[in-house]
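# Geometric and topological summary
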Amino acid sequence: LPKGYNELIVGDRKFEVGKSVNHFWLYDNIGVINSSNDIPVNPNDNTPVSFRGVELNVGDPLWRDVNNDHIINDSDKLLMGSTLPKVKGGLFNQLKYKNIDATFLMTFSLGGNMLNQAASSRLDFINSEISGELDDIKEITFWQKSLEPSEYPMYNPWSDVVPYRKDQNLFLQSTDYLKLKSISIGYDFTSIIGNKVAKGGIKNVYLYTTATNLFTISSLYKNDPELVNYYGIYDGFAL
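This section reports on the structure supplied with the text. Here the residue numbering is sequential within each chain, running from 1 through the sequence in written order. Note on the predicted model: pLDDT of at least 70 is required for a residue's local features to be given, and 80 or more for side-chain atom pairs to be given and counted; whole-chain, interface and lining totals, by contrast, use all residues. Computation of side-chain values covers all heavy atoms of the structure but excludes hydrogens and water.

## A look at empty space enclosed by the protein
- Both site types are read off a 1 Å grid over the protein atoms alone. A 1.4 Å probe that fits but cannot get out defines a cavity, while an open set with protein on both sides within 12 Å along at least five of seven lines defines a pocket; lining residues have an atom within 4 Å of a point. Grid points are joined across faces, edges and corners, and a volume is the space filled by probe spheres set on the points. Taken as a whole and judged by the stated rule, the model has one cavity of 30 Å³ or more.
- If you go around the largest cavity, the residues you meet are Asn-116, Ala-119, Ser-146, Leu-147, Glu-148, Glu-151, Tyr-152, Gln-173, Tyr-221 and Asn-223.
- When residue character is reported, Ala, Val, Leu, Ile, Met, Phe, Trp, Tyr, Cys and Pro are called nonpolar, Asp, Glu, Lys and Arg charged, and the others, Gly included, polar. Of the residues contributing to the lining of the largest cavity, the split by class is four nonpolar, four polar and two charged.

What follows is the structure, encoded as structure tokens:
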């Protein structure tokens, strides 16, 4: 890093000497504050632990106080996950029997992660719907069910701590997948009718049909893990 720095923060990314540049920089979500008894307090003055200057309250998330200073801020963010998969590849093969052949292509990815910004925006509707950003216009995708709400904790969406912020591992998901990208089945008619059309200059007659993106095996709910951008963010708008 320049000037001998051990770490460098650029936007929502943190680069640290000795660590991979592919990591996300996130808060560690460890639960929900269900009652006043669950609110963590500073033992020195018995005041509630604060998140970026706002005291935590019932209905807020519990984020890990990594440095144990009873204040949750950027100092408690951790490098985790990976924007790039550890292994990525595919299998291409062609099977043939007499005049019939079948060709298929399968692809896979293992060991990568994404940050589900689409789910964060949906759950953080209190803030996202007044942001004025194009990404937060719900009318163009309102008919799609892109997440299963029961998979996420129920926080107070009006809280000033913004409980459904995307920079937490609550929205860190695996992008592992196995996909049947394409399959093609064909039949070579040349030996059957080739002689009849040879006079017209046609030497081969081959009829085939192709289907693409037939299925994807993935842990993502109704989302395509290949539609994650360069920074490992899934915004739900890519085609």
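After presenting the structure, the write-up continues.
## Things to note about the sheet that holds strand β15 (residues 172–174)
- The pairing criterion for strands is at least two bridges between them, as found by DSSP. Counting from the N terminus, the helices are DSSP H or I runs at least four residues long and the strands are E runs at least two residues long. Across the sheet, three strands lie side by side as β15-β14-β18; this open sheet has mixed pairing. Of all the strands in the sheet, the pair left with one neighbour each is β15 and β18 (233–234).
- The pairing of strand β14 (residues 113–116) with β18 spans two bridges and is parallel. Each bridged residue has a counterpart across the sheet, and for Leu-115 the counterpart in β18 is Ile-233.

## Remarks on the packing of aromatic side chains
- Pairs were defined over the aromatic rings of Phe, Tyr and Trp, the Trp ring being its six-membered one, requiring ring centres within 6.5 Å. Orientation was assigned from the angle between planes: stacked under 30 degrees, edge-to-face over 60, tilted for the rest. Under the criterion given, the structure shown has nine aromatic pairs.
- Aromatic pair Tyr-152 and Phe-171: ring centres 5.5 Å apart, planes at 35°, arrangement tilted. Of the two residues, Tyr-152 is situated in the loop between α2 (125–128) and β15 and Phe-171 in the loop between α2 and β15; the sequence distance between them amounts to 19 residues. Here Tyr-152 matches Phe-171 in class, with each residue buried.
- Taken together, a centroid distance of 5.9 Å and an interplanar angle of 25° make the contact between Tyr-206 and Tyr-208 stacked.
- We call a residue buried when its accessible area falls under 20% of the maximum for its residue type, exposed when it is over 50%, and partly exposed in between, using a 1.4 Å probe and counting protein chains only. Judged by relative accessible area, which is 38%, Tyr-206 ranks as partly exposed.
- One residue, Lys-77, lies across the ring of Trp-25, its end atom 4.4 Å from the ring centre.
- Sitting over the ring of Tyr-177, Lys-179 keeps its end group 5.9 Å from the ring centre. Working rule: Lys NZ or Arg CZ, within 6 Å of ring centre, within 35 degrees of ring normal, means a charge sits over the ring.

## Topic: a nonpolar patch on the surface
- Like charges are joined within 9 Å and nonpolar side chains (Val, Leu, Ile, Met, Phe, Trp, Tyr) within 5 Å, but only among residues with over 30% relative accessible area and no salt bridge; these make up the patches. Note on areas: these come from Shrake-Rupley sampling with a 1.4 Å probe, and a residue is covered only by the protein chains present in the view. By definition here, a salt bridge exists when the distance from a side-chain nitrogen of Lys or Arg to a carboxyl oxygen of Asp or Glu is within 4 Å. Nonpolar side chains collect at one region of the surface, where Leu-178, Leu-214, Phe-215 and Ile-217 lie side by side and expose about 340 Å² of accessible area between them.
- It is strand β17 (residues 206–218) that provides the largest number of residues to the nonpolar patch, a total of three residues.
- Within the secondary structure, Leu-214 sits in strand β17.
- By relative accessible area, Leu-214 is classed as partly exposed at 43%.

## Considering the environment of Thr-107
- Along the chain, the position of Thr-107 falls in strand β13 (residues 100–110).
- With relative accessibility at 14%, the residue Thr-107 sits in the buried group.
- With 71 residues separating them in the primary sequence, Thr-107 and Ser-36 have C-alpha atoms 49 Å apart.
- Whether two residues are in contact is decided by their heavy atoms: any pair within 4.5 Å suffices. Residues contacting Thr-107, with those up to four places away along its chain left out, are Gly-89, Gly-90, Tyr-177, Leu-178, Lys-179, Lys-181 and Glu-226.

## A short note on the sheet that holds β17
- The strand order across the open sheet built from four strands is β12-β13-β16-β17, with neighbouring strands paired in antiparallel fashion. Strands at the two margins of the open sheet, each flanked by one partner only, are β12 (87–97) and β17. For this sheet, the mean angle separating the axes of adjacent strands, direction not counted, is 10°.
- One ladder, built from 11 bridges, connects β12 with β13; its direction is antiparallel. Counted as the bridge partner of Leu-95 is Ala-102 from β13. For helices, the fitted axis covers only the stretch in contact; all axes are lines through C-alpha atoms, and the angles between them, taken along N-to-C directions, range from 0 to 180 degrees.

## Quick look at the layout of surface pockets
- Space inside the second largest pocket adds up to approximately 330 Å³.
- Around the second largest pocket sit 19 residues that line it, and Asp-12, Lys-77, Leu-115, Lys-166 and Asp-167 are the ones nearest its centre.
- The leading source of residues in the lining of the second largest pocket is strand β3 (residues 24–26), at three residues.
- When its residues are assigned to classes, the lining of the second largest pocket shows seven nonpolar, three polar and nine charged.

## Structural notes on unusual backbone geometry
- Here Asn-46, not a glycine, exhibits a phi torsion of approximately 60°, which is positive.
- Note that Asn-46 resides in the loop between β5 (41–42) and β6 (47–48).
- Located in the positive-phi region is Asn-68, a residue other than glycine, with phi close to 55°.
- Asn-68 gets classed as exposed once you look at its relative accessible area, which sits at 56%.

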